[in-house]
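Analysis of the macromolecular model
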Number of protein chains: 2
Amino acid sequence: MDKLTDSIRSIPDFPKKGIVFRDITTLLKNADALRTAVDLFTEKYKNLKIDKVIGIESRGFIIGAALAVRLGAGFVPVRKKGKLPAEVITEEYALEYGTDSIEMHIDAVKPGERVLLHDDLLATGGTMAAVIKLVEKLKGNIAGISFLIELSFLEGRKQLQEHEVYSLIKYDKE
Amino acid sequence: MDKLTDSIRSIPDFPKKGIVFRDITTLLKNADALRTAVDLFTEKYKNLKIDKVIGIESRGFIIGAALAVRLGAGFVPVRKKGKLPAEVITEEYALEYGTDSIEMHIDAVKPGERVLLHDDLLATGGTMAAVIKLVEKLKGNIAGISFLIELSFLEGRKQLQEHEVYSLIKYDKE
């Protein structure tokens, strides 16, 4: 998977000083790298009878939707507060300072459906932990959690309970 | 394509009174409708040697990315101001009150590359007209412009110059 790692662009001091931002747009625009990433996720999940892929706004929509189509599943967006037009359920999560919240349509997942959660990046895991709670409220069955990139030094997996986490690209230090 | 139209949820008075919002999440979560939509776009564009699909934040990322993978192309996100981490080009466009702006990475498209533009909805066409200008700045070759939904009574096509516009679902009145 070195080809994938090499396709990521690292940008120092974005969005603020001291942070190295891992830019996935250089992977996405590379047709070969994009296809390889979707192939690897498809291989991992193709036998799990996934009903829905849930992608998190907004970078999680990209690979999440492509993967849904490849798996023959539906796609469900999790969005920031106020963006979804019909009845929603909401979950708050902690930020460095204060809190934020995410929403999912209340009819997005039916009880017992097998769902795969996807986001581009696993950092501290706070957002994905909130998504797990949303899916649990709707009695969905979480079959897996996937990320393009994992910042493993932040130990975000610890927030994701007993669920299996799969990431294609890992950084073990800042 | 009635199956697709039937999968759209219409929500009166969202985001404000008098607007009927066409909610695509009911299409996206339906595996059969999602696949049908991507199949129709793939059939339309598969022989055009598309290098990159450009999707507009954030609902345009969903079908746009799935389509990029199906066409063997790369995917390029166009985002709101300040979201992209590397060097960008920017274009302003008019809103009902005031202006907004969108950005694309300056290295997202190479001169002469064949690009397909995608968004979920064609309304007045202002955003897509700005995306056309971004691609022209980078000397990309626009091979087509696609939308899931077209509000044809708003005549947004008129903003999109001589380019071929293809939409799967049309509403000819509010």
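Scroll up to find the structure this text is about.
Quick summary incoming for the structure in this document. From a predicted model like this one, the values you see are computed outputs, not experimental measurements.

Cut-offs applied
Residue numbers restart at each chain and count upward from 1, following the sequence in its written direction. Working convention: letters from A go to chains and numbers from 1 go to ligands, in the order in which they are written. For this predicted model, a pLDDT threshold of at least 70 governs which residues receive local features, and a threshold of 80 or more governs which side-chain atom pairs are given and counted, while totals over whole chains, interfaces and linings are taken from all residues. Computation of side-chain values covers all heavy atoms of the structure but excludes hydrogens and water. Contact between two residues is taken to exist if any of their heavy atoms lie within 4.5 Å; hydrogens are not considered. Two parts lose some accessible area (1.4 Å probe) when they are put together, and adding that loss for both gives the buried area. One speaks of a salt bridge when a side-chain nitrogen belonging to Lys or Arg is within 4 Å of a carboxyl oxygen belonging to Asp or Glu. Polar contacts, as counted here, are pairs of nitrogen or oxygen atoms within 3.5 Å of one another; within protein the pair requires one atom able to donate a hydrogen and one able to accept it, and residues that are adjacent in sequence qualify only if both atoms are side-chain atoms. The helix and strand labels rest on DSSP assignments: H or I over at least four residues marks a helix, E over at least two residues marks a strand, and numbering proceeds from the N terminus. A helix is expected to span 1.5 Å for every residue after the first. Only protein chains enter the accessibility calculation, which uses a 1.4 Å probe; a residue whose area is less than 20% of its type maximum is buried, one above 50% is exposed, and one in between is partly exposed. What makes two strands pair is DSSP finding at least two bridges between them. Every axis corresponds to a line fitted to the C-alpha atoms, with the helix fit spanning only the stretch in contact, and the corresponding angles, defined between N-to-C directions, vary from 0 to 180 degrees.

Between chain B and chain A, the residue contacts involve 39 residues of the former and 39 residues of the latter. When the two sides are added together, the surface that chain B and chain A hide from each other amounts to roughly 3,000 Å², 63% of it contributed by carbon and sulfur. If you look at where chain B meets chain A, you find four salt bridges. Aspartate 107 of chain B is paired through a salt bridge with arginine 9 of chain A; the nearest N and O atoms lie 2.7 Å apart. Where chain B packs against chain A, one counts 16 residue pairs in polar contact (both at pLDDT 80 or more). Looking at the side of chain B that touches chain A, the elements with two or more residues in it are strand S1 (9-12), strand S2 (20-23), helix H2 (25-28), helix H3 (31-45), helix H4 (60-71) and strand S4 (74-80) of chain B. Sorting elements by how many residues they give to the side of chain B that touches chain A places H4 of chain B first, with seven residues.

Another point: helix H3 (residues 31-45) of chain A. Residues and elements named next belong to chain A. Between its first and last C-alpha, H3 extends 21 Å over 15 residues, near the 21 Å set by a 1.5 Å rise per residue. Along H3, the residues classified as buried are Ala33, Leu34, Thr36, Ala37, Val38, Phe41, Thr42 and Tyr45. At the N-terminal end of H3, a side-chain oxygen is found 3.0 Å from the backbone nitrogen of aspartate 32, two or three residues along, and the residue is asparagine 30.

Further remarks concern the sheet that holds strand S5 (residues 88-94) of chain B. What holds strands together in a sheet is hydrogen bonding between their backbones, with the strands either parallel or antiparallel. Residues and elements named next belong to chain B. Spatial strand order, S5-S6-S4-S3-S7-S8-S9: seven strands in an open sheet with mixed pairing. Every other strand in the sheet has two partners, leaving S5 and strand S9 (165-171) as the edge strands with one partner each. Strand-to-strand twist of the sheet, defined as the mean angle between neighbouring strand axes without regard to direction, takes the value 20°. Two elements, strand S3 (residues 52-56) and strand S7 (residues 114-122), share four bridges in a ladder whose sense is parallel.

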